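# Architecture at a glance
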Amino acid sequence: MEKFDVAIIGGGSAGLAALKQLSNLGKQAILIEGGKKIGTKNVSGGLLYSKNTTIGKVYNVEDVYDNFLTDAPVERQITKYMLHATSKDKMFSLDLTPTHNYQTNFGYSVLLNKLLPWFAKEALNSAEKTGGGIVTGIHVRSIMWKDENTIIIETDELEPFQVKAVIAADGVNSEVAQITGARRKFTQSDLYQGVKVVVKLPEEIIEERFEITNNEGAAHLFAGDVTLNHIGGGFLYTNKDTLSVGAVYHYDSLIEKPTEPYELVNALLSNPFVIELIKDEVPETKENYKNLSKEEELRTRFKANKLIKDWKELHHTYYSPSGVKELLANGKYKTKEEIKNKVDSIHDELVSKYDIEFESNYVELEYSAKLVPDGKRCRMKKPYFKNILFIGDAAGRGIFVGPRIEGLNVGIDDAVRAAEAVSNAIDKNSFHSNILGERYRRLVEESPYTKDMDEIDKNYLKVFLDCTKQVPNDIVDYRYRAIFKLMSNSTFRGISVGLVNKLGYRRLLPILESNKTYTEVPIKIAERKGKDVQKSYSIRIPAIAERIAKLNYNDDSLSHIKVLDSQSDFMKKMVTLCPTKCYSMENGRVILQHEGCIECGTCLKETEWRHPRGEKGIAYQYG
Amino acid sequence: MLNPSGTLNVAVIVKLEPDFSEGNVSYNSDGTLNRAETKNVLGPHSAVASSAALYAKVKYGANVSVATMGPPIAEAALQQSQLICNADELHLYSDRIFAGADTLATSEVLRAGIKKMANEQGIDIVFSGHRASDGETGQTGPQTAWKLGYPFIGNVIDYDIDKERGYVRLQRLIKNYGHNDIIEELESPLPVFITLDPSYSPFFNTVSQRLNLALNQNDAEKRSSRYKEYLKTFSAQSLELNLKSVGLPGSPTIVYKVEKIPRAKANRKADIIDGYSQENLSQVARRIYGILGETIIK
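Residues numbered from 1 in each chain as written. Chains lettered and ligands numbered in written order. Predicted model: local features only at pLDDT ≥ 70, side-chain atom pairs only at ≥ 80, totals over all residues. Heavy atoms only, no water.

### As for the side chain of A:R379
All names here are of chain A. Worth spelling out the cut-off: The secondary structure listing takes helices from DSSP runs of H or I that are at least 4 residues long and strands from runs of E that are at least 2 residues long, numbered from the N terminus. Think of a polar contact as two N or O atoms within 3.5 Å of one another; within protein, one of them needs to be a possible hydrogen donor and the other a possible acceptor, and neighboring residues in sequence only count if both atoms come from side chains. Here, two residues are considered to be in contact whenever any of their heavy atoms come within 4.5 Å of each other.
Tracing the backbone through its elements, the reader meets R379 in the loop between α14 (375-378) and β18 (384-385). Separated by 2.9 Å, the side chains of R379 and D454 make a polar contact. Contact partners of R379, with chain neighbours within four places excluded, come to D374, A395, G396, R397, E445, T450, M453 and D454.

### Considerations on the pairing of strand β4 (residues 76-87) of chain A
Residues and elements named next belong to chain A. This is how the line gets drawn: Strands pair, by our definition, only if DSSP identifies at least two bridges between them.
Where β4 and strand β6 (residues 104-109) come together, two bridges link them in antiparallel fashion. Of the residues in β6, the one forming a bridge with R76 is S109. Sheet topology note: the β4/strand β12 (residues 216-224) ladder contains nine bridges and is parallel. Bridged to H84 within β12 is F222. Taken together, the six bridges between β4 and strand β5 (residues 90-95) define a ladder with antiparallel strand orientation. Bridge assignment links A85 to a residue of β5, and that residue is F92. Taken together, β4 and the strand that follows it, β5, pair antiparallel across an intervening segment of two residues, in which K88 is found at a positive phi of about 45°.

### Digging into the interface of chain A and chain B
Just so we agree on the cut-off: For any pair of parts, buried area is found by adding up, for both, the accessible area (1.4 Å probe) each one loses once the two are put together. A pair is scored as a salt bridge if a Lys or Arg side-chain nitrogen falls within 4 Å of a carboxyl oxygen belonging to Asp or Glu. Amino acids are sorted into nonpolar (Ala, Val, Leu, Ile, Met, Phe, Trp, Tyr, Cys and Pro), charged (Asp, Glu, Lys and Arg) and polar (every other residue, Gly among them).
Residue-level contacts link 21 residues of chain A with 13 residues of chain B. Of the roughly 1,400 Å² buried between chain A and chain B on both sides combined, carbon and sulfur atoms contribute 59%. Sorting the residues of chain A by area buried against chain B places A:E2, A:L158 and A:E159 first, and these three jointly supply 29% of that buried surface. Summed over the shared surface of chain A and chain B, the result is zero salt bridges. One can count four residue pairs in polar contact (both at pLDDT 80 or more) joining chain A with chain B. Listed by contribution, the elements that provide at least two residues to the side of chain A that touches chain B are β1 (2-9), α5 (112-128), β7 (133-135) and α11 (294-318) of chain A. Its residues placed into classes, the side of chain A that touches chain B shows nine nonpolar, five polar and seven charged.

### Quick look at the pairing of strand β9 (residues 150-155) of chain A
Regular strands place side chains that alternate from one sheet face to the opposite one. Residues and elements named next belong to chain A. How we decide: Exposure is judged per residue with a 1.4 Å probe applied to protein chains only, and the accessible area is read against the type maximum: over 50% gives exposed, under 20% gives buried, and values in between give partly exposed.
Here β9 lies mainly inside the structure; five of its six residues are buried. Note: strand β8 (residues 140-147) against β9, six bridges, orientation antiparallel. Considered in β9, the bridge of I143 is made with I153. Remark: two residues form the turn of the hairpin made by β8 and β9, two consecutive strands paired antiparallel. Bridge count between β9 and strand β10 (residues 161-168): three bridges; the pairing is antiparallel. Across the sheet, the residue bridging to I151 is V163, located in β10. Where β9 folds back on β10, the antiparallel hairpin that results is connected by five residues.

### Side note on the pattern of salt bridges
Under the counting rule described, the total for this entry stands at 53 salt bridges over all chains. Between A:E260 and A:K581 there is a salt bridge, with its nearest N and O atoms 3.8 Å apart. Residue A:E260 is found in the loop between α8 (251-256) and α9 (261-269), and its partner A:K581 is found in the loop between α24 (569-577) and β25 (583-586); the two are separated by 321 residues along the sequence. Residue classification places A:K581 among the partly exposed positions, given a relative accessible area of 33%. For B:E120, the salt bridge goes to B:K116, with nearest N and O atoms at 3.5 Å. Separated by four residues within a single helix, B:E120 and B:K116 lie in helix α3 (residues 103-120), roughly one turn from each other. Classification of B:E120 by relative accessible area gives exposed; the value is 60%. Each of B:D162, B:R165, B:R169, B:E185 and B:E187 takes part in salt bridges that share partners, so that together they form one network.

### Examining the domain arrangement of chain A
Residues and elements named next belong to chain A. In plain terms, the rule: Domain ranges listed in this record stem from an automatic or a database domain assignment.
Along its sequence, chain A is carved into domain 1 (2-73 + 110-183 + 380-454), domain 2 (76-108 + 192-279 + 362-370 + 514-549), domain 3 (283-358), domain 4 (458-513) and domain 5 (551-619). The centre of domain 2, based on its C-alpha atoms, is set 25 Å off from the matching centre of domain 4. In this complex, domain 2 contributes 19 residues to the contact, which on the side of domain 4 involves 18 residues. Overall, the association of domain 2 and domain 4 removes approximately 1,700 Å² of surface from exposure, summing both partners, and the carbon and sulfur fraction of that is 68%. Where domain 2 meets domain 4, there are zero salt bridges. Linking domain 2 with domain 4 are one residue pair in polar contact (both at pLDDT 80 or more), by the criterion used here. Mapped by element, the contributors of at least two residues to the side of domain 2 that touches domain 4 are β5, α4 (97-101) and α22 (515-529). The leading source of residues in the side of domain 2 that touches domain 4 is α22, at eight residues. By residue class, the composition of the side of domain 2 that touches domain 4 is ten nonpolar, four polar and five charged.

Set out below in structure tokens:
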């Protein structure tokens, strides 16, 4: 049987950071990833932070990859951070940039399918020096212990192999946690469900519309009527030449009043303010070729489609400085003006010859979903099992504090700590929990991120409250009014936050995270103080079937999900809550069609849920 | 016994062929192939042979040389093969005198090339494709093996090497007693000449093989982008060939007539349906359901 020092299961941002870090420490580690390529199974809302905390050191992405700032394919550095309260065509905006900047070096918008392959390349370069590496398209099936220091890993694709320690980075639906029983399955109150669409928009149009320069980015958060009465909110982040638009809602609230996840993102997309932000010119076929003969009709349609494709590409390139530069360098066009003329001439040809109309709409590229663990409710207090360490989402470590949602940076911080613990254990050649697991637990406890999950940071609270000064006091409920008053005085704030943290921050959650804070109060604010927002066109949002049809799957004939009780209340709710409509009702029973599954894990609680076999299942292009 | 160097030495014979994949073929009005318009690529069977060499490289750390006979543009086949198998050397047998060769004359050039390799570094396995997609004879491989005096094994679907004993254990597909696709297992001493069954695809089933595979694929990309550094060209003279046994003079085959293949009679009638309209699509679905509906087990 082949032997390696460490196996890292899962090639997301946390797993790759662990590989990179262990290799930097001179240890041999292999990373096992289920997707055919790194990055195809990953989804993120889209912000990666680097922090500079006063209460202790966090390990940032640029500490792991020293050329991150110069070379990494990130999207935009967020310089504007806004919170909008919405009610129909009224909107009230708060500038939360100070909260975004709070103890922050930078926050980049990212698309994981672009960023993770770069992480992988960097990690692989280091790993190869120590005899490690990355193996993709492999699904881990079982984990066994030969003795205290030896773990045998069985996969669906390869011969079994043995390692001394495992770092489990297999995400929120961690199968390693399930098969070893290291932690309970996350329950609905532990989780948020996030649904995202990636929208295409030319680079310079983004910059003009969001009032940012080439190096800047904007983040917009939404609460109010766009939540459809759920606890959570919407977001819109600018990428280089795309936008990430999504909705993140507390699973409890979705179970209580089941709403189709895509309806939540649609509610955001059809908000009049958002409509104007995502607007683009889109060619629409009128299909008036009926007077032509059958063959002629097909030929015309083919030509028209080809021209539309050309127009879309060139229209997109025209607004991208780097794209224009490339076209000019190719020598195909001499001036930028010439490209514009070509775009216009194709445009005119389509309108005059092919009966195409150009309408205002938006261009959706990819629909995705994922569960997000709320660390303050579900972080693993003991993030290890024997000689397996859990990091990132697999350990339930996500930060949800008001508008602050972070996961990628937490996973990277965990990875560095896990790598240190494992490296130390290898040096001592002992993997007993006193040496490995407990040491890792202590390192994680020291992390400022852990503190963020357990306690309210009174300084952050002050920055937040300062941002919300324009909100009239009488809008909020008497309960909050008292809190507001208390909090605006620094001595009281210090004392009361201290008291709350002593009593347990979790007890306050039902008040802090309620329909009132996410829906009712924002609606009231928008109605009272909001500006009117006019929309200039009516949006056409693709149906869920169209969205699924655009996704890439490598179908597995074998279903990776098994329904345990097809008549349970929970499963019946899945008919509504599955983001890709995998469940339907037939004769009072819930039936599953797994082919459209995007592996979000929404149905995990009452199913036998495995990741698909290697290379199978969904393959995202943006992530 | 393995060759004296101790490293497994593998040669792959490939061929540059017209790209017959969909949408890439161009025909003259008389139905013959328009060679000028049709792009040339590494033949599909040559690609299979290259992947067998990749298996040897990943699993046994083999030293791989790819060889082809043809005009200078045949370099493209060597480059594409290198991208698959991360070849260490590329050999092009190119000489005006080789033009017009049939399979026998081609085999003579390949024999000389492989023999030269065998003399210089030792050769353990020669891989070639099942047949070429433009010639379709399947003769060149076996003839070259015969000329070299190596055991020839065709339609191979898997192999393993016993380095100690210098033997190769193979599985191949044969037809026997009226059954297709019988798997025959056999053993042969090295050196050996192997042609691969078109269904062959290497499988890497241990972690180290996968790691090695990734390393090789990475390397192959780098190498093939600078393939000229790995390229050696050989003329008839440098291969010490008898000029009467190569090219046109060495080719006993005379093609005096090529007949057009008549269009096959179809006994089905096709309706062309415009897939852009939702209504037409549901009509198609209804028709399929009409035909298959009864066979669906409810």
